[in-house]
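Here is how the chains run, residue by residue.
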Amino acid sequence: MRNQVTWAVAASALVALAVWPFAQSQYAKATVRDPIMALTPAPLSTNYVHEGEIIRTYERHDNAAGGPLIPRLLSSAYMQRYRETGDVDDILRAKNEARKSLAAQPRGNIAATLAIASADTALHRFHEAIDAIESARVFDRGDAIIGSALASNFLEIGNYAGAKTVLDRLSPDDKASVSVEITLARYAELTDHADEAKRLVTRAMRVEESISTTNAENRAWYHFRLAELAFATGDNAGAIAEGTAALTIFPNYWHAATVLARVYAAQHDWKSALASAEIADRFAPLPETLGIEADAHAALGDADAAAAKRDEIVAIERVGNAQHLSDRLLAVYYDDHGIRLADAYAIAKRELAVRDDVFADDTIAWAAARIGKWPEAEARIAKALAYDTPDARMHYHAGTIFAHAGKRDAAKREFARALALNATFHPTFADDARAQLAKLQ
C-alpha cells in the first residue's frame, strides 16, 4: 500500500488522540542540541493482549451506564482495534458510540466530536471530518490536537495552503506537540522536505517511546512511517530495518508488513515479499499486498496461486469495498498490470471526487494515460507535480506521459528524478525508467 493511502489511518489517529488523556513526558536534561532526542524508551506495553477483554467490559456497561463517558471510551477502543487489525467494521462501531456519547452530552463534548471526525477520516470522508473538527473549534480554537487534525484532513483533500495556514497559526508550544509534529512531518514530506519529515517523526517517536502508557501499535507506527520515508528516498536497507523494528514491537503489524513487501518486491526478493505480504493480508487483505502476492507467486512459478490472488483483488472491488477505502489501490493495481483499464479510470474518477490531493491527480493521470486520454493525463500529472513530492512512481508516470507528448527534456527530468529518489523503486518501472531515459539521451 502506498504511503498516501495509509496516511488516512494515521490521520484518524491524530483525531483520536483527543479521546484519551495523554501523559506528559518529562524532558530529559541533557547537553545535546535537542533534549528530546536524549529521551530513553519506557518499557514496552503489551496492552493489545488484553484489548478484547477491555472492549467487552465497556460493551457490558455501555447500555446500562448511560452518560457520555463509556461510549466515548468504547469509541476510542474500537478505533484502536481497527488500527491494529484493519477491521473496517470497528470504524463504524466507533462512530456509532461517539454519536451516543454526543447525544448524551451534546454541548462541549469535544472528545466525542473528534471521535466522530476520527472515524470519518478513517472512512475517507474527509470533508465530513473537517466539518466535525470545525464544530469542535467553536469550543477551543487553539488546541494542538484540533489544529493537527484539521490540517491533516486538509492535506488529504489537497488543501495544502489551508493546512499550512492552520499549522502556522499554532503556538510554538503546540508545534512541539506530538500530534502537530507528525502532521508537520506529512506536510514536509509532501512538499519535498523528506529530511525534515524524518527529523520530526523521529522526534515525536522519542517522546512517545518515553511514555510508559504508549501502546505497542502506536510505537510501531513511528517505525512504519520512518520505513516509508526511507523507501521513498532510496534507503532500502533503512526501510527494511525500520519495518522489521515495527514488527518486533508489534508482531503482525500489517502496515509495516506492507512496506516490507513493497521494498522486497522492488528488489525482486520475491520470497521475502511474499512472506511480508502474507502477514499483512492475514489482517487487511488489500489490493496492493494481494497484488504483490500474485506477482511473487508468478515470479516463483506458481501460476495457480497467482491467479487465485488476482481473483481476490477483483472480489474486493465487487464485494469488499463497500466504503470505497480501496479505490485508489484498485485503480493503481489495475493500471500497473494493464488490466480492467476502463474500470481503473472510473474508480480513479470516483476517488478524485472525495480526495483531490496530489496522489489523486497522479492516479487519474496514470489511469487516463493507460486508456489513451493523453491530454487529460498531461493536465493531471502537471497538478500532481506541483510540490515535487518525492514519490518515484509519480515521477515515472510523469516521464512516461511527457515522453508521449514529445516533451523530451521534461521526460528526461522526470525519469531521472524517479531514479534519483530510489533506483529500485518498483520491480518493473525502475528498469523501464532507465531504458526510457537511455533512449532520450
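Residues numbered from 1 in each chain as written. Predicted model: local features only at pLDDT ≥ 70, side-chain atom pairs only at ≥ 80, totals over all residues. Heavy atoms only, no water.

## Points about the overall build of the chain
Within the chain, the secondary structure is distributed over 24 helices and 0 strands. For the chain, whose C-alpha radius of gyration is 22 Å, the value lies close to the compact-globule estimate of 22 Å for 441 residues. Projected onto the principal axes, the alpha-carbon positions of the chain cover approximately 65 × 50 × 40 Å. Here the chain holds 441 residues, and the buried ones make up 58% of them. Here the analysis covers contacts within the chain between residues at least 6 apart in sequence; of these, 61% occur between residues at least 24 apart. Total accessible area on the chain stands at roughly 17600 Å², and carbon and sulfur atoms take up 54% of it. Positive and negative side-chain charges of the chain, numbering 49 and 59 respectively, have mean locations separated by a distance of 3 Å. (Helix = DSSP H or I, 4+ residues; strand = E, 2+ residues; numbered from the N terminus. Rg over C-alpha atoms; globule rule 2.2 N^0.38 Å. Buried < 20%, exposed > 50% of the residue type's maximum accessible area, 1.4 Å probe, protein only. Contact = heavy atoms within 4.5 Å. Areas by Shrake-Rupley, 256 points an atom, 1.4 Å probe, with all protein chains shown as cover. Lys, Arg positive; Asp, Glu negative; His and termini not counted. Charge placed at Lys NZ, Arg CZ, Asp CG, Glu CD.)

## Quick look at the packing of helix α18 (residues 327-337) against helix α19 (residues 341-354)
The N-to-C vectors of α18 and α19 enclose an angle of 150°; their axes lie 8 Å apart at closest approach. As far as their axial angle goes, α19 and α18 are roughly antiparallel. The two elements α18 and α19 meet at a crossing, and its hand is left-handed. Two secondary-structure elements touch here, α18 through D327, R328, L330, A331, Y334 and D335 and α19 through L341, A344, I347, A348, R350 and E351. Split into classes, the residues belonging to the contact of α18 with α19 amount to 7 nonpolar, no polar and 5 charged. (Axes fitted to C-alpha atoms, helices over the stretch in contact; angles between N-to-C directions. Parallel < 35°, antiparallel > 145°, perpendicular 65-115°, else oblique. Left-handed = near helix turned anticlockwise from the far one by under 90°. Nonpolar A, V, L, I, M, F, W, Y, C, P; charged D, E, K, R; others polar.)

## What to know about helix α13 (residues 236-249)
For an α-helix, the turn length of 3.6 residues means that residues three or four places apart are oriented alike. In this model α13 runs 20 Å from its N-terminal to its C-terminal C-alpha over 14 residues, within 8% of the 20 Å that 1.5 Å per residue would give. For α13, every residue scored as buried is listed here: N236, G238, A239, I240, G243, A246, L247 and I249. Those residues of α13 that are buried lie in contact with α12 (216-232) and α14 (254-266). (Expected span 1.5 Å × (residues − 1).)

## Details of the pattern of salt bridges
One pass over the full model with this rule turns up 34 salt bridges. A salt bridge links D192 to R417, with the nearest nitrogen and oxygen atoms 3.0 Å apart. Taken together, the residues D192 in the loop between α10 (178-190) and α11 (194-209) and R417 in helix α23 (residues 408-421) connect sequence positions 225 residues apart. Taking the shortest distance from any N to any O, the salt bridge between E312 and K309 comes out at 3.1 Å. Of this pair, E312 and K309 both sit in helix α17 (residues 303-319), 3 residues apart, which is roughly one turn of the helix. Owing to a relative accessible area of 17%, K309 belongs among the buried residues under this scheme. Salt bridges here are not isolated pairs; linked through shared partners, they connect E156, R328, E351, R355 and D357. (Salt bridge = Lys/Arg side-chain N within 4 Å of Asp/Glu carboxyl O.)

## Some remarks on the packing of helix α15 (residues 270-283) against helix α16 (residues 287-299)
Look at α15 against α16: their axes get within 9 Å of each other, and the N-to-C directions meet at 145°. In this structure, the crossing between α15 and α16 has a hand that is left-handed. Side by side, α15 and α16 meet where W270, A273, L274, A277, E278, A280 and D281 of the first sit next to T289, L290, I292, E293, D295, A296, H297 and A299 of the second. In terms of residue class, the contact of α15 with α16 is built from 9 nonpolar, 2 polar and 4 charged.

## Re the packing of aromatic side chains
Applying the stated criterion to the full structure yields 10 aromatic pairs. Ring centres of W366 and F429 lie 6.0 Å apart, and the angle between their planes is 80°; on these two criteria the pair is classed as edge-to-face. Here F429 lies in helix α24 (residues 429-440) and W366 lies in helix α20 (residues 358-370), a separation of 63 residues in the sequence. Each of the two residues, W366 as well as F429, counts as buried. Among the aromatic residues, those joined into a ring-pair cluster are W366, Y396, F415, F425 and F429. (Phe/Tyr/Trp six-rings, centres within 6.5 Å; stacked < 30°, edge-to-face > 60°.)

## Let's talk about the nonpolar core
In globular proteins that are soluble, nonpolar side chains generally tend to be buried together. Y334, I381, Y396 and F425 are the most contacted members of the largest nonpolar core, which totals 68 residues. The element best represented in this core is α20, accounting for 9 residues. Sequence-distant contacts of Y396, defined by excluding residues within four places in its chain, comprise W366, F415, A418, F425, F429, D432 and A433. Judged by nonpolar contacts, the second largest core, of 44 residues, contains I182, A216, F231 and A261. (Core = buried A, V, L, I, M, F, W, Y, C linked by side-chain atoms within 4.5 Å.)

## Side note on the environment of I401
With respect to the secondary-structure elements, I401 resides in helix α22 (residues 392-404). Measuring from C-alpha to C-alpha, the distance between I401 and K175 comes to 39 Å, with 226 residues separating the pair along the chain. When sequence neighbours within four positions are dropped, the list of residues in contact with I401 reads A365, A369, W374, A377, E378 and I381.

## Thoughts on the side chain of D357
Summarising the element assignment, D357 is placed in the loop between α19 and α20. Owing to a relative accessible area of 4%, D357 belongs among the buried residues under this scheme.

## Focus on α23
End to end, α23 covers 20 Å across 14 residues, agreeing with the expected 20 Å (1.5 Å per residue, within 8%). Every buried residue of α23 is accounted for by A410, A411, E414, F415, R417, A418, L419 and L421. Close packing links the buried residues of α23 with α12, α22 and α24.

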